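Structure at a glance
Each chain, written out:
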Amino acid sequence: MSQRITILPETLTNKIAAGEVVERPASVIKELIENSLDAGATDISVEINVGGRRRIRVTDNGHGMSREDALLSLERHATSKIKVDSDLERILTLGFRGEALPSIASVSRFSLATRETSSTEGTEIIVDGGRVRDVRACGMAPGTVVSVEQIFFNLPARLKFMKSAETEAGHVADVIARMAVSRPDVAFTCTNDDRELLRLQRSDLQRRLAQVVGRDSSLHLYPVTGNDEYATITGFISGPALARSGTQTIYTYINGRFIRDKVVQHAVMQAYRGVIDRGRYPVVALFVELPPEEVDVNVHPTKHEVRFRRQSIVHDAIQGAVEKVLSRSPWLVTPSVATYATSETTGQAYRERIAAAAQASLAIAPLAEHWPQPIKQLGKVLSEVVVSPADNVKVSEPATSFQPERLSTESAGYFSSLSILGQFHSEYIICQSDSELVVIDQHAASERVAYQRLKQQCLTGGIESQRLLFPETVELSFSEVAVAVRFCLDLAGIGFELEPFGGTTIMVSAVPRLVAKNDPILLLRDVLADLERFGTSGAFNDALESLLSRIACHSVIRGAHQLENRQIKELLYHMDHTDFAASCPHGRPVSHVVKLTELQKIFKRT
Ligand code: ADP
Ligand code: MG
C-alpha cells in the first residue's frame, strides 16, 4: 500500500497562509497597524525603504508583550483576541485569526522587539524565512517594533508581482490613510527612504479627514448622522463639487474596520443618484456601528469583506442617512449666506430650518387629483410616454410651468433669498447675494422641480400595474425563484404580479404600467438580481427614476425662453422646496456661483 498524503511542515503552511494575507508591503503594514491598534497604541510610526520592498518597520507605543507571549505570537493560530467558538460571533478587535505574524515572518527576514510597560527590558526575536534564529533581551521603550526586510525573498513568484517603489509606497500611504481616518485619536507618521509621506497628529474626525483628503476638499464635507435601534451611522460626505473618477475616496467602516463591500458601496451610490454624474464618485467617510453579532468578519483572510445578517436593513439605513443630507443640498448654503461650515450650532439650526421647510412642502403637496396645473400636464405626458417611444414624447406648453402654490414672504431659503438681476440669453437666470453672482440654468432648475413632483405623485398614488393580456412565463435560476417568493409582496407593490408555475418557472400576470412598453421582463430580472445581491430593488428605482427624469425634462421650459420676473420668483421659491435642488435629475448642476473675490481677482482689484 502506498502512502501519498503527508502533513505539510509548518514553514510551508505559513507560506501558504502568507499567500492569502500578505500580498505586498501595504498588506503587511495593514496587519501590523491592526495589531498596534488592538494593543491600544496612540502613536504609530511606519518607516519603509524602497516602497517597503527592502524594509518595513512599524513602531507602536501599545501594551507590548511578555517574552512568552512574544514567542507564542509567532506560532500559527496563536492569538490573544478570541478564546472560544462563541467569540467568533462578536469580534470587537481588528485581528482574531492569529495568522499575520507567522505568515509575514515566513516570507521575510523578520524581527519582533517588544516590551510591556511593567517590565524593565524587552525581548527581541529574529526570524529568517519562518525559522527562529535568535531570542534575546533588549533595551527599548515600552511598546512593539516589528521589522520586515526583504519581503518575499524566498517566494520568487510573489516577488515578481511587486511594482515599482513609488507604486508600493502609494499603496502603503493609502492603507495608512484608511486606517488613520477610522482612528483620529491615534497619531500616525510614515516615511519612505527618510522622506515624510504622512504626518497625522491626534485630532478629531473632521480635521483628520482634512489632512487625508486635503484642506480645500474638507470644506465641502457635510456631517451625516443616522440612528435607529439597529444601526448607528456617522461621518462626513461631500457634495457634487468633489466628485472623483474613482472609488478610492469612499471610506466605509463597519464597527471601526475599513471594508470594501458591495452592499455598502451600492447604498452610498444609490443615495448619490442624480446628484453626481454616473461614473463619478464622492468623498465619503461613513462609520456604521452594528451589534457585533450582526456582522460576520470571518469571510476572507484580509478581513476587507463582511457579511451582514440583515443586509437590506443596513443598506437602507446607509442610503437613508446619506440621502437625508444630500436632499438638502447643503453645499448651496455658502458661509456668507449662513454659517453652516463655521459654526456647529447655527449650522444645526439652519439644517433644521431647511428640514422643516422641506417637510412643510411635502405636507402641503396636494394629492394626485388636486395637483396644480403643471402636474396635471405632466400626468398627461406621463401617459403619453407609456404609449409612445420615449424619444417622441410630446412637449407640453412650457410657459405656464410654474404656478404659485403659496408664496409666503417668510420663506427665506437659499434661492428665494437671492435678488434677481435678470435673464441672460433667455436661458439663464442671473441673481446676486451679498457677495456672490449666481447663475441658474432655468431648464435644469425647472426640471428638478417637476421631477420631484412626479416622483411624489408616483409615491402617493402607488405604482400602477398593467395586466398582461397573455401572462408570460419566465424561467429563473433557483436563487432567483427563492428571491421572487420572498419578495412577492414587495414586487406586487411595484406592479409585478407573479405566480409559481412549477419548478423554476414563474408566471408574470401584471407588470408596472410605466414600463409596460420597455421590456418589463428584463426589468424584472434586473430587480430580482438586485434583490438577491442587495436585498433592495435598486434596479427598479433606477429604471423608474430615469423614466421620470425623461418625462420631467420634456415637460418643462426647454431652450431659450423669456421669463417674467414673477415666473423667476416662483421658480426660485419652488427650488427652495425641492430636495436635491442643486442638480437636475441627470446630475447636471443647476446653479453656478461667481464670488465677488473671484471678480476682484479678474479685474486686478486685489
Ligand atoms: P491576531 O492579530 O489575529 O491575533 P497576529 O498574528 O497578528 O494575530 O498576532 C498574534 C498576537 O500577537 C496577537 O493576538 C497579540 O496578542 C500579539 N501582538 C501582535 N502584535 C502586537 C503588538 N504590536 N503589540 C502587542 N501585542 C501584539
Ligand atoms: Mg493581527
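The structure reproduced in this document is the subject of the present report. (Residues numbered from 1 in each chain as written. Chains lettered and ligands numbered in written order. Predicted model: local features only at pLDDT ≥ 70, side-chain atom pairs only at ≥ 80, totals over all residues. Heavy atoms only, no water.)

1. Let's talk about a nonpolar patch on the surface
A cluster of nonpolar side chains, namely Leu 8, Leu 12 and Ile 16, defines an oily patch on the protein surface of about 250 Å² accessible area. Mapped onto the secondary structure, Ile 16 falls in helix α1 (residues 10–21). (Patch = residues over 30% accessible without salt bridge, like charges linked within 9 Å, V, L, I, M, F, W, Y side chains within 5 Å. Areas by Shrake-Rupley, 256 points an atom, 1.4 Å probe, with all protein chains shown as cover. Salt bridge = Lys/Arg side-chain N within 4 Å of Asp/Glu carboxyl O. Helix = DSSP H or I, 4+ residues; strand = E, 2+ residues; numbered from the N terminus.)

2. Concerning the site of ligand 1
Around ligand 1, the surrounding shell holds 20 residues, and the nearest of these are Asn 35, Thr 79, Ser 80, Lys 81 and Gly 98. Note that an oxygen atom of ligand 1 is positioned 3.0 Å from one of the backbone N or O atoms of Arg 97. Between ligand 1 and Gly 98 there is a distance of 2.8 Å, counted from an oxygen atom to a backbone nitrogen or oxygen. Bound to the protein, ligand 1 loses 93% of the 530 Å² it would expose on its own. Residue contributions to the shell around ligand 1 peak at three residues, all from helix α4 (residues 100–106). Looking at the shell around ligand 1 residue by residue, the class counts come to seven nonpolar, nine polar and four charged. (Near = heavy atom within 4 Å. Polar contact = N/O pair within 3.5 Å; in protein donor to acceptor, adjacent residues only side chain to side chain. Nonpolar A, V, L, I, M, F, W, Y, C, P; charged D, E, K, R; others polar.)

3. As for the sheet that holds strand β9 (residues 221–227)
Taken together, the five strands give an open sheet; going across it, the order is β9-β10-β13-β11-β12, and neighbouring strands pair in mixed fashion. The outermost strands of the open sheet, each flanked by one partner alone, are β9 and β12 (257–258). Here helix α6 (residues 165–182) sits on the sheet and contacts β11 (250–254), β12 and β13 (284–289); the angle it forms with β11, its principal contact strand, is near 55°. Docked against the sheet, helix α7 (residues 205–213) engages β9, β10 (232–238), β11 and β13, running at close to 40° with respect to β10. (Pairing = 2+ DSSP bridges. Contact = heavy atoms within 4.5 Å. Axes fitted to C-alpha atoms, helices over the stretch in contact; angles between N-to-C directions.)

4. A few points about the side chain of Ser 36
When you line up the elements, Ser 36 lands in helix α2 (residues 25–38). Residue Ser 36 is classed as buried on the basis of its relative accessible area of 2%. Within the structure, Ser 36 has its side chain in polar contact with the side chain of Asp 60 (distance 2.7 Å). Leaving out residues up to four positions away in the same chain, Ser 36 has contacts with Ala 41, Ile 44, Val 58 and Asp 60. (Buried < 20%, exposed > 50% of the residue type's maximum accessible area, 1.4 Å probe, protein only.)

5. Looking at the pairing of strand β16 (residues 419–424)
Looking at chain direction, β16 and strand β17 (residues 428–433) are connected through five bridges and run antiparallel. Bridging from a neighbouring strand, Gln 423 pairs with Ile 429 of β17.

6. Observations regarding the nonpolar core
In this structure, Ile 33, Phe 110, Ile 176 and Phe 188 are the most contacted members of the largest nonpolar core, which totals 60 residues. The biggest single contributor to this core is α6, with eight residues. Mapping this core onto the domain boundaries places at least three of its residues in each of domain 1 (10–200) and domain 2 (205–326). When neighbours within four sequence positions are excluded, Ile 176 is seen to be in contact with Ile 29, Ile 33, Val 46, Phe 188, Cys 190 and Leu 198. Listed in part, the 56 residues of the second largest apolar core include Val 288, Phe 415, Ile 429 and Val 590. (Core = buried A, V, L, I, M, F, W, Y, C linked by side-chain atoms within 4.5 Å. Domains from an automatic or database assignment.)

7. Considering the sheet that holds strand β22 (residues 591–595)
Each strand in a sheet pairs with another by means of backbone hydrogen bonds, the pair being arranged parallel or else antiparallel. Strand order in this open sheet of four strands is β16-β17-β18-β22, and the pairing throughout is antiparallel. The outermost strands of the open sheet, each flanked by one partner alone, are β16 and β22. When strand polarity is set aside, the average angle formed by the axes of neighbouring strands in this sheet is 25°. Bridging between strand β18 (residues 436–441) and β22 involves five bridges; their strand directions are antiparallel. Across the sheet, the residue bridging to Ile 440 is Ser 591, located in β22. With respect to the sheet, helix α18 (residues 565–576) is in contact with β16, β17 and β18, its orientation differing from that of β16 by roughly 115°.

8. Observations concerning the pattern of salt bridges
Between side chains of opposite charge, a pair can form as their charged atoms come close. Scanning all chains against the criterion turns up 24 salt bridges. We note a salt bridge from Lys 30 to Glu 34, for which the minimum N-O separation is 3.0 Å. Here Glu 34 and Lys 30 lie together in helix α2, a separation of four residues that amounts to about one turn. Overall, Lys 30 belongs to the buried group, its relative accessible area being 9%. Of the residues examined, Glu 34 reaches a relative accessible area of 4% and is grouped as buried.

9. Re the packing of aromatic side chains
Evaluated as defined, the whole model comprises four aromatic pairs. Here Tyr 253 and Phe 258 contribute two aromatic rings whose centre-to-centre distance is 5.7 Å and whose plane-to-plane angle is 70°, an arrangement assigned as edge-to-face. Note on accessibility: Tyr 253 and Phe 258 belong to one class, buried. Grouped by ring-pair contacts, the aromatic residues Tyr 253, Phe 258 and Phe 287 constitute a single cluster. (Phe/Tyr/Trp six-rings, centres within 6.5 Å; stacked < 30°, edge-to-face > 60°.)

10. Digging into the pairing of strand β7 (residues 187–192)
Sheet analysis places strand β1 (residues 43–49) next to β7, joined by six bridges and oriented parallel. For Ser 45, the partnering residue across the bridge sits in β7 and is Thr 189. Bridging between β7 and strand β8 (residues 195–200) involves five bridges; their strand directions are antiparallel. When the sheet's bridge partners are listed, Asn 192 is paired in β8 with Arg 195.

11. Considering the packing of α2 against α6
For the pair α2 and α6, the least separation of the axes is 8 Å and the interaxial angle reads 25°. Here α2 lies roughly parallel to α6, going by the angle between them. Considering only the axes of α2 and α6, their crossing is right-handed. Across the interface between the two elements, Pro 25, Ala 26, Ile 29, Lys 30, Ile 33, Glu 34 and Leu 37 of α2 pack against Glu 168, His 171, Val 172, Val 175, Ile 176 and Met 179 of α6. (Parallel < 35°, antiparallel > 145°, perpendicular 65-115°, else oblique. Left-handed = near helix turned anticlockwise from the far one by under 90°.)

12. Quick notes on the packing of α6 against α7
Interaxial distance between α6 and α7 falls to 9 Å at its minimum, and their mutual angle equals 165°. Between α6 and α7, the angle is such that the two are roughly antiparallel. As for how α6 packs across α7, the hand of that crossing is left-handed. Across the interface between the two elements, Ala 177, Ala 180 and Val 181 of α6 pack against Leu 205, Arg 208, Leu 209 and Val 212 of α7. Here the residues of the contact of α6 with α7 are counted per class, giving six nonpolar, no polar and one charged.

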